[in-house]
Amino acid sequence: MAKASVAIIGAGPAGLMLALALHGEGIDTIIVERQSPTHILGRIRAGILERTTTELLRSIGVADRLDIEGVPHRGFNMIDGDRLVHIDCVALTGKSVTAYGQTEVTRDLINAAQERGLTIIWESPVTAIDGIESDHVAITHGDGATIEADFVIGCDGFHGPARQAIPATVQRLFERAYPFGWLGVLADVPPCRHEVIYASHDSGFALASMRSPTRSRYYVQVGLDERVEDWPDERFWAELILRLGPQVERDIVTGTSIEKSIAPLRSFVSEPMQHGRLFLAGDAAHIVPPTGAKGLNLASSDIAYLSQALIAFYRRADEAALTDYGERALARVWKSSRFSWYLTKLMHRFPADGDFERQMQRAEIDYIAHSPAMQTVLAENYVGLPL
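Quick summary incoming for the structure in this document.

What counts, and at which threshold
Residues numbered from 1 in each chain as written. Predicted model: local features only at pLDDT ≥ 70, side-chain atom pairs only at ≥ 80, totals over all residues. Heavy atoms only, no water. Pairing = 2+ DSSP bridges. Helix = DSSP H or I, 4+ residues; strand = E, 2+ residues; numbered from the N terminus. Buried < 20%, exposed > 50% of the residue type's maximum accessible area, 1.4 Å probe, protein only. Expected span 1.5 Å × (residues − 1). Arc of directions from axis to C-beta. Contact = heavy atoms within 4.5 Å. Axes fitted to C-alpha atoms, helices over the stretch in contact; angles between N-to-C directions.

**Structural notes on the sheet that holds strand S4 (residues 71-73)**
- Read across the sheet, three strands follow the order S3-S7-S4 without closing on themselves; strand pairing throughout is antiparallel. Both edges of this open sheet fall to strand S3 (48-49) and S4, since each of them pairs with a single strand only.
- One ladder, built from two bridges, connects S3 with strand S7 (residues 97-99); its direction is antiparallel. Its bridge partner being in S7, Leu49 is matched across the sheet by Thr98.

**A short note on the pairing of strand S14 (residues 206-212)**
- Buried residues dominate S14, accounting for seven of its seven residues.
- As defined by bridge partners, strand S13 (residues 197-200) adjoins S14 across three bridges and the pair is classed as antiparallel. Opposite Ile197, over in S14, you have Ala208 as the bridge partner.
- The hairpin formed by S13 and S14 contains five residues between the paired strands, and Gly204 there has a positive phi angle of roughly 130°.
- Sheet topology places S14 next to strand S15 (residues 215-222); six bridges connect them, and they run antiparallel. Paired with Leu207 across the strands is Tyr219, a residue of S15.
- Counted along the chain from S14 to the antiparallel partner S15, the turn is two residues long.

**Topic: helix H11 (residues 355-370)**
- Taking 1.5 Å as the rise per residue, H11 with 16 residues should run 22 Å; its terminal C-alpha atoms sit 23 Å apart, in good agreement.
- If you check which residues of H11 are buried, you get Arg358, Gln361, Ile365 and Ile368. Buried residues of H11, viewed axially, fall in a sector of 85°; they line one side. Exposed and facing more than 90 degrees away from the buried side of H11 are Asp355, Phe356 and His370.

**Some words on the sheet that holds strand S16 (residues 257-271)**
- Overall, mixed pairing links the eight strands, which are arranged S6-S5-S13-S14-S15-S12-S16-S19 in an open sheet. Where the open sheet ends on each side, the last strands, each with one partner, are strand S6 (83-88) and strand S19 (286-287).
- With seven bridges joining them, strand S12 (residues 172-187) and S15 adopt antiparallel strand pairing. The partner of Gly184 across the bridge, within S15, is Tyr219.
- Across the sheet, helix H7 (residues 233-244) lies against strand S5 (75-80), S12, S13, S14, S15 and S16, angled at about 80° from S15, the strand it touches most.

Below is the structure:
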């Protein structure tokens, strides 16, 4: 039987950030991951980092490449037909965000974990979590191997076993499944603009984003019955150009896609985020639609709270922060979920909506265009609420 102070399920960004933060304080961890490193690095995810995320990465010494290759963004753009509204986050809040792909964040974290000798058990799914209401927890993984720990942290995503270990009698689940998905294309072409563009169009939502000065990430809203095979590159680029509109069309460089996928959208929150010696972080506890780029950033704020609490426990026998972890994390989760839900409602076409709802969207965007107060609200949420 292996032993560690903290056993972490999941070697995605949340689990790796937590392990590195604790390792820096001399707290031993073991990470168990059901997938291979190649699979983890093959997942294409978000690419806009709040300052809370970049500061956490710097605090654990994993920001060298981020500081060189990350692209600072002063703000973002909203398009509705011929209207383009720029939200200048720096002018409104004094803060910016950084474009740097989640895949690159994960690569940096894995490299740092290997260099520092952290223990990661790859391709070994967790099959049981026992004793979460006792002083010591045991997890069983792989072919029956066990790890005994003081705490178990579930960073194992929406479908992982950690959340399932919380008794149904104390768990509350909140969920909204959206009636559409995002068709995403990754291409080695320069971005059409320096900053992200959210577009509202009668045909549906579109998003222009980037991973680097030479690699772009674009999305269009599609129905849940759509298939990737029905969207050859030519059709995708034509639809993207239509939705982004004439102000952006001349700046779009098309090319062969290197990745194409459709992701359904949902809002999901699980309460509580802790029970006994089991704690949840990241997608294990909450999912937000990608509108607003809050997924990775919410996972990072969870880790900021949880790492501080675990360090206080091991350094000073202070249990107060551990007791309060779930409440503190959920306060930020719900606010970020509200922002993602608001932008999703504002920018997408919902099948059940008619002309009235469309006019309400246009009126809201017009209000944003002329209201510094409303622009400040959007900017504060976009750059990330304080911890």
